[in-house]
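Fold and geometry: a report
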Amino acid sequence: MTRALPVTREENFPEWYLAVVRDADMAETSAVRGCMVIKPWGWGIWELIQADLDRRIKETGHENCYFPLFIPLHFLAKEAEHVEGFAKEMAVVTHHRLKSIDGVLQVDPEAELEEPLVVRPTSETIIGDTFQRWVQSYRDLPLLINQWANVVRWEMRTRMFLRTTEFLWQEGHTAHADAGEAMEETLRMLEVYRQFCEDVLAMPVIAGEKPENERFPGAVSTYSVEAMMQDGKALQAGTSHYLGTHFAEAQNIRYQTADSQVAFCHTTSWGVSTRLIGGVIMTHGDDDGLRLPPAIAPRQVVIVPMLRDKPEDAVVLDYCEGLRAELVAQSGAFGPVRVLVDKKPLKSADKRWNWVRRGAPIIIEVGPRDVAGGNVTYMRRDRLRDGDKVISNNSSRTAFVAGIVALLAEIQASLFGEAKARFDGNIRTDLTSFDDIAAYFGPSTDDETDSFKGWVRAAWCKPGGEALERAVERLKSLKLTIRNAPLGQTGPFGACVFTGAAGVEHILIGRAY
RNA sequence: CGGGGUGUAGCUCAGCCUGGUAGAGCGCUAGCUUUGGGAGCUAGAAGCCGGAGGUUCGAAUCCUCUCGCCCCGACCA
C-alpha cells in the first residue's frame, strides 16, 4: 500500500495535515515563531480565493480601502469588552529606533514612543475612528467598506494556516442607520460566505449563530459558518458580527437623521482568513496529498512530458505546447483554463507525484505513443486510484479539449458531493440527553488521533449567564464546544440536553479547531 | 506561564551511559545503465555536534548556566 505521503489520515491526522502542507509545497515555517512563509502554490490558492471573494464582496455593494497596520493604544481602551478579548495576544511597538551599543545592535532606550502602537489584531477601532469622521448624515449611510490585510494575534500555539501569529484575511466593516439594516447586512455577508465555501471551496458548511460565550468581544451577536474536517472536528470558516451601537458609542460614530435628530450608527464586521486553506486541506485531502477544487487550483491541468534526453523529445514538447494552447483557449465558470507544461528536468514519474501531492485536478502525461495517436492520457486527482492502482484515463485530443470545461466542473461537483455526503452523514440527531452525548464522545483524552465522531445536533433551552457557563463546562470536560445554532430552524424541539427544560432551538455540538 | 520532551549534514535520526576529535538513510551533484512510469550502480559535495563557561593532555560525549523548538494544559479566525 504505497501512498504519496509518509503518513495517512488514519495513522495520525495532525501529522498528515503537516505532511500535506509541506509535501504539497504550500507553506513552511519561518525564522519567526508562529509565522509562515506561504510558497507559490499556497499563495496561488490564496490569490484565487481573494479574487473570487473580492468580486462577491463588491457585488454586494462594498468598496475596498486600506487602514494602517498600527493602532494607537488608547483606541483599544474605548470598548471595554473588545480590549479584554484581545489584550492577551497583542504585539506592541514601543520604540522607533535601533542603536549600536558596545557593538551590539539593540533597541535604543532613548527612542521610546510616547504612546505605544499595537499591531492590529483586527481593525474595528481604527476603522471606527475613521468612520466617525466619514459619517455625518443619514445620507452617508450605509457605509460599506472592506479591506484585505494582515493581522497579528500572539497565539500560544500555532498551526500552519489554521492558527498563525500573523495571518491574512479580509475584514468588512459597515455602518448603518438602524439595527434592522445592520442585521440584514450581517446575515447577507454570512450567506456570501456560505455560498463561497460551498461553490468555490467545495466545502459544505452550516451557517448559524454563535452562543453567547463564543461571541466576538464587543459584539451583540456573532454568526459563523462551520465546516467539518475529515477527523470530525469543526472548523469555524468565517464569521459575521452584528456590533449594535457598542463601537459607535465608544467611538462616537453618529449621524443626523432626516428629522434632525442625532443617532448612533449600528455597525457590523465580518471576515474570512487564510484559515480557509487549512479547511480545504482537511476537507478534500487524501493519503496522496492535497486535492484542489478546480475553482481554486492555480493550475487546473498539468501536462507532464515524458522526456528522455533524445531527439524525439522535441516532438513530445511540441505536442504538449499545442495541447496547452488549445486548452487555455477554453473558458468556463472558472475562467480560462489554467494549464502548465512542466518542463523541469526531473524524471516524469517524480513530476507526476509532485503534482498529485499538490492536488492539481488533472494531470496529463504525454509520451511518444500519445503524440503518434493524437491521444491524451490523464489522471483525475479526485478519482486517482482504484484500490491501490492509479487510474489512467484515455481520450482523443479533440474530445479532451472539447470536454475540459465540463470535466473541471464535474471534478468540482464530485469533490463537493463527497464532502457533503460525509458532512451530512456525521451529524447525529438521535442523542437527546447529555448522558447520551457523553457516552457517544467518550472520556476526554489528550490524544488527537481520536476516532471520527462528527457532530451532534441537539435541542437546548438557550440558557444565558451562569446556566450557560455550567453547560459549557460540562461540554468542556468532553472537549466539546457549541459550534452554532443553525439558521432557519423550525420546531418542534425536544427537551434541552443540559436541563431537560423545553427546548427552543437546535445547536451543533462537536470538537473544534 | 505550569508539566513533559528535544537540539548532531538540506531532512529524519544514530553516536553520549563507558571522553580519543563525526556516522547512516533520504535528499543534492556528476557519470554510466534503465525508459509507458514514484528505477539501478558508482563516485562526490555537505556538519566549528544550539550557545557560553567549566572539568580534562583531550569534550558531540561529563558538570553549570543559557537560548531555541516540539507535545500537553490555560487562550483563540
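What counts as what
Residues numbered from 1 in each chain as written. Chains lettered and ligands numbered in written order. Predicted model: local features only at pLDDT ≥ 70, side-chain atom pairs only at ≥ 80, totals over all residues. Heavy atoms only, no water. Helix = DSSP H or I, 4+ residues; strand = E, 2+ residues; numbered from the N terminus. Buried < 20%, exposed > 50% of the residue type's maximum accessible area, 1.4 Å probe, protein only. Areas by Shrake-Rupley, 256 points an atom, 1.4 Å probe, with all protein chains shown as cover. Lys, Arg positive; Asp, Glu negative; His and termini not counted. Charge placed at Lys NZ, Arg CZ, Asp CG, Glu CD. Contact = heavy atoms within 4.5 Å. Near = heavy atom within 4 Å. Polar contact = N/O pair within 3.5 Å; in protein donor to acceptor, adjacent residues only side chain to side chain. Nonpolar A, V, L, I, M, F, W, Y, C, P; charged D, E, K, R; others polar. Axes fitted to C-alpha atoms, helices over the stretch in contact; angles between N-to-C directions. Left-handed = near helix turned anticlockwise from the far one by under 90°. Domains from an automatic or database assignment. Buried area = accessible area lost by both parts, 1.4 Å probe. Core = buried A, V, L, I, M, F, W, Y, C linked by side-chain atoms within 4.5 Å. 1 Å grid on protein atoms, 1.4 Å probe; cavity = no way out; pocket = protein on both sides within 12 Å on 5 of 7 lines; lining within 4 Å. Points joined across faces, edges and corners; volume = space filled by probe spheres on them.

A word on the overall build of chain A. From N to C terminus, chain A includes 14 helices and 29 strands. Along the first, second and third principal axes, the C-alpha atoms of chain A reach 80 × 65 × 60 Å. Residues classed as buried in chain A amount to 52% of the 513 residues present. When the accessible surface of chain A is split by element, carbon and sulfur atoms take 51% of a total near 22700 Å². Here chain A contributes 58 positive and 71 negative side-chain charges, whose respective centroids are spaced 5 Å apart.

Let's shift gears to the environment of Phe-493. Among the secondary structure elements, Phe-493 is positioned in the loop between β28 (481–486) and β29 (505–510). Residues Phe-493 and Cys-461 lie 32 residues apart in sequence; the distance between their C-alpha atoms is 9.4 Å. With residues up to four places along the chain from it excluded, the contact list for Phe-493 reads Ala-459, Gly-503, Val-504, Glu-505 and His-506.

This part takes up the protein's contact with RNA strand B. The full set close to RNA strand B counts 34 residues, and Arg-157, Arg-163, Arg-275, Met-306 and Arg-369 are the nearest of them. Among the atoms of RNA strand B lying within 4 Å of the protein, the sugar-phosphate backbone contributes 32%. In the model, a base nitrogen of RNA strand B is placed 2.9 Å from a nitrogen or oxygen of the Asp-370 side chain. Those elements that provide at least two residues to the surface near RNA strand B are α10 (348–358) and α11 (368–373). The element best represented in the surface near RNA strand B is α10, accounting for 5 residues. Here the residues of the surface near RNA strand B sort into 8 nonpolar, 6 polar and 20 charged.

Describing two packed helices takes the angle between their axes plus the distance from one axis to the other. Interaxial distance between helix α2 (residues 40–59) and helix α6 (residues 179–200) falls to 11 Å at its minimum, and their mutual angle equals 145°. The interaxial crossing formed by α2 with α6 has right-handed handedness. Together, Ile-49, Asp-52, Leu-53, Arg-56 and Ile-57 of α2 and Met-189, Val-192, Tyr-193, Gln-195, Phe-196, Asp-199 and Val-200 of α6 make up the contact between the two elements. A per-class count over the contact of α2 with α6 returns 8 nonpolar, 1 polar and 3 charged.

Before going further, it helps to spend a moment on the domain arrangement of chain A. Taken as a whole, chain A is organised into domain 1 (65–94 + 120–284), domain 2 (294–424) and domain 3 (427–510). Each of domain 1 and domain 3 has a C-alpha centre, and these two points are 26 Å apart. Contacts between the two partners involve 25 residues from domain 1, matched on the other side by 21 residues from domain 3. A buried area of about 1700 Å², summed over both sides, lies between domain 1 and domain 3, and 57% of it is on carbon and sulfur atoms.

As a further point, take the nonpolar core. General note: in soluble globular proteins, nonpolar side chains tend to be found buried as a group. In terms of nonpolar packing, the biggest core is built from 62 residues, with Phe-161, Leu-201, Ile-281 and Leu-290 touching the most fellow members. Here this core gathers at least three residues from each of two domains, domain 1 (65–94 + 120–284) and domain 2 (294–424).

All right, on to empty space enclosed by the protein then. Under the counting rule described, the total for this entry stands at 1 cavity of 30 Å³ or more. Taken as a whole, the largest cavity holds about 80 Å³ of empty space. If you trace the largest cavity, you find it lined by Glu-124, Ile-127, Gly-128, Phe-131, His-173, Thr-174, Leu-243, Phe-247, Gln-251, Ile-253, Thr-267 and Thr-268. Elements supplying a minimum of two residues to the lining of the largest cavity: α5 (124–134), β10 (166–176), α7 (246–251) and β16 (266–273). By residue number, the principal contributor to the lining of the largest cavity is α5, which donates 4 residues.

What the second largest pocket holds in volume is close to 280 Å³. The wall of the second largest pocket is formed by 17 residues, among which Met-306, Glu-365, Arg-369, Asp-370 and Thr-377 lie closest to the centre. Elements with a contribution of two residues or more to the lining of the second largest pocket: β21 (362–366), α11 and β22 (375–380). Element by element, the count of residues in the lining of the second largest pocket is highest for β22, at 4 residues. A breakdown of the residues in the lining of the second largest pocket according to their chemical character gives 7 nonpolar, 5 polar and 5 charged.

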